[in-house]
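Inside the fold
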Amino acid sequence: MKNFALARLFDLMADVLELKGENPFRIRAYRRAARNLESLSEDVEAFARQGRLEEIPGIGEDLAGKITEYLKTGRIKEVEAARKGIPPGVVALMNVPGIGPKTARLLYGEEGITTLERLEKLARAGRLRGRHGIQAKTEANILKGIALVRGGQVTSARPAGVMRAFGALPQVAEVLERGSTKASIRHRDGIQVDLRVVEPECFGAALAYFTGSKQHNIRIRDMAAKRGLKISEYGVFRAASGRRIAGATEEEVYEAVGLPWIPPELREDQGEIEAALEGRLPTLLSGDDIRGDLHCHTNASDGSHPIEALVAAAVKRGYDYVAVCDHSPSARVAGGLDANELAAHVKKIRAVQEQHPSIRVLAGSECDILPDGRLDYPDEVLAQLDLVVAAVHSVFKQPRREMTRRIVSALGNPYVTCQLRRTA
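Quick caveat, the model's predicted, so the values are computed rather than measured. (Residues numbered from 1 in each chain as written. Predicted model: local features only at pLDDT ≥ 70, side-chain atom pairs only at ≥ 80, totals over all residues. Heavy atoms only, no water.)

1. Examining the packing of helix α2 (residues 24–39) against helix α4 (residues 61–73)
The geometry of a pair of packed helices is captured by two quantities: the angle between their axes and the separation between those axes. Here is the rule: In this analysis, axes come from line fits to C-alpha atoms, helices being fitted only over the stretch in contact, and the angle between any two N-to-C directions falls in the range 0 to 180 degrees. Secondary structure is summarised from DSSP: a helix means a run of H or I of at least four residues, a strand means a run of E of at least two, and numbering begins at the N terminus for each. Throughout, the term roughly parallel applies to angles under 35 degrees, roughly antiparallel to angles over 145, roughly perpendicular to angles from 65 to 115, and oblique to all others. Handedness of a crossing is defined here by the sense of rotation of the near helix relative to the far one, left-handed for an anticlockwise turn of less than a right angle and right-handed for a clockwise turn. The contact rule is simple, with two residues in contact once any of their heavy atoms fall within 4.5 Å. Side-chain classes follow a simple rule in which Ala, Val, Leu, Ile, Met, Phe, Trp, Tyr, Cys and Pro form the nonpolar group, Asp, Glu, Lys and Arg form the charged group, and the remainder, Gly included, forms the polar group.
Following both chains from N to C, one finds α2 and α4 inclined at 55°, their axes separated by 12 Å at the closest point. It follows from the interaxial angle that α2 and α4 lie oblique. You can see that α2 and α4 cross each other, and the crossing is right-handed. Contacts from A29, Y30, A33 and L37 of α2 reach α4 at L63, K66 and I67. Residues of the contact of α2 with α4, tallied by class, amount to 6 nonpolar, no polar and 1 charged.

2. Some details on helix α7 (residues 101–111)
Here is the rule we go by: Relative accessibility decides the category of a residue: with a 1.4 Å probe and only protein chains considered, values under 20% of the type maximum give buried, values over 50% give exposed, and everything between is partly exposed. Note: the arc covers the axis-to-C-beta directions of the helix.
Buried residues of α7: A104, L107 and E111, and no others. For α7, the buried positions fall inside an angular range of 90° around the axis, keeping them on one side. Opposite the buried face of α7, at more than 90 degrees from it, the exposed residues are K102, G109 and E110. Looking one or two places after α7, you find G112, whose phi comes out positive at around 70°.

3. Concerning the pairing of strand β10 (residues 387–392)
The buried fraction of β10 amounts to 6 of the 6 residues, a majority that puts the element mostly inside the structure. Because side chains alternate across β10, one face comprises the buried residues L387, V389 and A391, and the other comprises V388, A390 and V392, equally buried.

4. Details of the environment of C418
By the element assignment, C418 lies in strand β11 (residues 418–421). Taking C-alpha positions, C418 is 43 Å from L143, a pair spaced 275 residues apart along the chain. Excluding residues within four positions of it along the chain, C418 makes contact with V388, V389 and A390.

5. Regarding the state of the cysteines
The cut-off we apply is this: Disulfides are defined as cysteine sulfur pairs within 2.5 Å.
Per the stated rule, a full pass over the model turns up 0 disulfides. Left without a disulfide partner, C296 is nearest to the cysteine sulfur of C325, which lies 7.5 Å away. Free of any disulfide, C418 has its nearest neighbouring cysteine sulfur in C325, separated by 7.5 Å. The partly exposed category is assigned to C418, whose relative accessible area is 34%.

6. Things to note about the packing of aromatic side chains
Counted only if it meets this: Within 6.5 Å between ring centres, the rings of Phe, Tyr and Trp (the latter by its six-membered ring) count as paired, and their orientation is classed by plane angle as stacked under 30 degrees, edge-to-face over 60, tilted in between. Think of it as a cone above the ring: NZ of Lys or CZ of Arg counts as a charge over the ring if it is within 6 Å of the ring centre and within 35 degrees of the ring normal.
Throughout the structure, instances matching the rule amount to 2 aromatic pairs. Between F10 and Y30, the ring centres sit 5.6 Å apart and the planes meet at 65°, which makes this aromatic pair edge-to-face. Within this pair, whereas F10 is found in helix α1 (residues 2–19), its partner Y30 is found in helix α2, the two being separated by 20 residues in sequence. For the pair formed by F10 and Y30, the shared burial category is buried. Ring centres of Y209 and F210 lie 5.0 Å apart, and the angle between their planes is 85°; this geometry places the pair in the edge-to-face category. A residue is classified by how much of its surface remains accessible, and Y209, at 30% relative accessible area, is partly exposed. Geometry around F25 places R28 over its ring, the cationic atom sitting 4.9 Å from the centre. Across from the ring centre of F47, 4.2 Å away, lies the NZ or CZ of R52, which sits over that ring.

7. Regarding the sheet that holds strand β6 (residues 244–246)
Spelled out, the test is: Between any two strands, at least two bridges found by DSSP are needed for them to pair.
An order of β4-β5-β6 is seen for the 3 strands of this open sheet, with the pairing classed as antiparallel. Each of the sheet's edge strands pairs with one partner strand only, and the pair in question is β4 (229–232) and β6. For this sheet, the mean inter-axis angle between neighbouring strands, taken without regard to orientation, is 35°. Relative to strand β5 (residues 235–238), β4 is paired through 4 bridges, and the arrangement is antiparallel. Considered in β5, the bridge of L229 is made with R238.

8. Some words on the environment of Q50
Position of Q50 among the secondary structure elements: in the loop between α3 (44–49) and α4. Through-space distance from the C-alpha of Q50 to that of V236 is 56 Å; in sequence the pair is 186 residues apart.

9. Quick notes on the side chain of H327
We count it as follows: Here a polar contact is recorded for every N or O atom pair within 3.5 Å, except that within protein the pair must consist of a potential hydrogen donor and a potential acceptor, and residues adjacent in sequence are included only if both atoms are side-chain atoms.
Here H327 lies in strand β8 (residues 321–327). What makes H327 buried here is its relative accessible area of 1%. Among the polar contacts listed, one links the side chain of H327 to the side chain of D302, at a separation of 3.3 Å. With near-sequence residues (within four places) excluded, H327 lies in contact with F25, H297, S301, D302, A334, G336, L337, E366, Y377 and H393.

10. Notes on the pattern of salt bridges
Rule in force here: Salt bridges, as used here, are contacts in which a Lys or Arg side-chain nitrogen is within 4 Å of a carboxyl oxygen on Asp or Glu.
Using the criterion set out here, one finds 19 salt bridges in the structure. Between R374 and D372 there is a salt bridge, with the nearest N and O atoms lying 2.7 Å from each other. By relative accessible area, which is 52% here, R374 ends up exposed. Overall, D372 belongs to the partly exposed group, its relative accessible area being 48%.

11. With respect to the nonpolar core
Defined as follows: As used in this record, nonpolar core signifies buried Ala, Val, Leu, Ile, Met, Phe, Trp, Tyr and Cys residues forming a set joined through side-chain atoms within 4.5 Å.
Membership of the largest hydrophobic core comes to 46 residues, with the highest contact counts inside it found for F10, L37, L119 and L128. With 10 residues, α1 is the single largest residue contributor to this core. Residues in contact with L128, not counting those within four places in the same chain, are L107, I113, L119, L122, A123, I134, E139 and I142. Counting residues in hydrophobic clusters, the runner-up holds 31 residues, among them C296, V324, F396 and V416.

12. Observations regarding the sheet that holds strand β2 (residues 182–187)
Taken together, 3 strands build an open sheet; the order of strands is β1-β2-β3 and the sheet is antiparallel. Lying at the two open borders of the sheet, with one neighbouring strand each, are β1 (172–178) and β3 (192–196). If you compare each strand with its neighbour and ignore which way they point, the axes differ by 20° on average.

13. Re the confidence of the model for the chain
The criterion, for reference: Every residue gets a pLDDT, meaning the predictor's confidence in that residue, from 0 to 100.
On average, the chain scores 86 in pLDDT, and the residues at 70 or more come to 93%. Counted against residues more than four places away or in other chains, residues 155–159, with its pLDDT under 50, gives 7 contacts.

This is how it looks when you write it as structure tokens:
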């Protein structure tokens, strides 16, 4: 339970930081730590006793210290300090789909809204309209979102075990619906997640039904009707007798209507059925087609694993190449490397390369583009690298002309291989 309690605290800290408009790297660090603590199969207290907290992906020295503080005192002072001055209801506003941290800040700071009740009252009266970019449609969406949040107060009195476990997951913000074979929850990130449980003989039919677009499914049902069949998420049935003839696998569902299996990515009624009938379905890319990865981080900055483990995993996947591109020093929250640390890092990458001759290990960097267009490392440092990814990680609100000049300047550097722009 300490794992989940810490995860909730770290998620709360991320919420508060978002409300305050803090560094997005710091916010992501807390979110990532929360996810990894939730999925941790071992008690976090065991890691702490053995001095292994920093072995948990996403947990560096700073967060390890906060975990230790919580395990000893039951609180984290920094989280409590960050929450001061922010009513709990303001964080709850972010649970409404469509209300992000920026809107929540405005609703609280300029309208004094701290509860769903007041938000609903103002939205119904049209008193939000015209403020903060909110239009009539936005108000309607806010009201729908509030209804979705409140829908979590309806649950089944006799849920099945799977549904009970699903609704009790720590990622669940609200249970929207729960029965013996289906449930719907709202994830604390705002998305809705539905779960259906079917019998094994229905699994293929359910999978095909829920991964096809509405128009694709209509076409398949029309084809079935012409053969005297009916299709639903429970299987393929004879219309006359009601006897199920297929449904355990997707392949047999499609075969029943005279089609080869159609990959889920193509189920859009955009010519895939005609292509299937004519035997000309395209071959889609798969994991086996990926020959390498040109942007990987290690635990030298904000990655989860050391270079050795990263390269070993790439070899296991059959990659021909992998590039190690940790952050540069300006990305302090992400553990960016200074020039001396990068030199040692490159030396280690070269050593690992010698141990794995079957794969090309490239030494690179995700190098910040500074506000004036300069790069975070001097050219003599960049010249030692195989790959340089230039990236904007700060000062996102520069005027368009200034931002363009900044990026163009970076692209003009002869050592820059590619450019990545991140948004706040």
